[in-house]
Amino acid sequence: LGVGRPPEGMDPADYLLSDFLSEEMNIIGEAVKKASDGIGIILKDGFVKAMNKINRTKNQSKKEEKIND
């Protein structure tokens, strides 16, 4: 999760410490959910399976999912 670059002329510290925009809140919520899911998988199945499940693309086939599980 990155914060990007501040608009020209804005102090980077002010940009970094400013509140998130409303449209950014959904992205943050999804990232927190994904991180939480990942922790559960790590505890249950280990790091490799967690990485395979969490980093899986939406277009990956069901066959590939079974191979990675």
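See the structure above.
Predicted, not measured: the structure shown is a model, and the values here were computed from it.

*Asks:* So what's going on with the overall build of the protein? Which residues, and what values?
*Replies:* Tallying secondary structure elements over the protein gives four helices and zero strands in all. Its helices and strands taken in sequence order, the protein reads α-α-α-α from the N to the C terminus. Across the 69 residues that make up the protein, the buried fraction comes to 9%. Accessible surface for the protein amounts to roughly 6,100 Å². Of this, 57% is attributable to carbon and sulfur atoms.

*Asks:* Can you tell me about the pattern of salt bridges, naming the residues and giving the values?
*Replies:* Counted according to the given criterion, the structure contains two salt bridges. Residue Lys33 is joined to Asp37 by a salt bridge in which the shortest nitrogen-to-oxygen separation is 2.8 Å. Of the two residues, Lys33 and Asp37 both sit in helix H2 (residues 22-45), four residues apart, roughly one turn of that helix. On the basis of relative accessibility, which here comes to 33%, the residue Asp37 falls in the partly exposed class. Where Asp45 meets Lys53, a salt bridge forms, and the shortest distance between an N and an O atom there is 3.7 Å. The exposure class of Lys53 is partly exposed, given its relative accessible area of 30%.

About the cut-offs
Residues numbered from 1 in each chain as written. Predicted model: local features only at pLDDT ≥ 70, side-chain atom pairs only at ≥ 80, totals over all residues. Heavy atoms only, no water. Helix = DSSP H or I, 4+ residues; strand = E, 2+ residues; numbered from the N terminus. Buried < 20%, exposed > 50% of the residue type's maximum accessible area, 1.4 Å probe, protein only. Areas by Shrake-Rupley, 256 points an atom, 1.4 Å probe, with all protein chains shown as cover. Salt bridge = Lys/Arg side-chain N within 4 Å of Asp/Glu carboxyl O.

Purely geometric numbers; function is a separate question.
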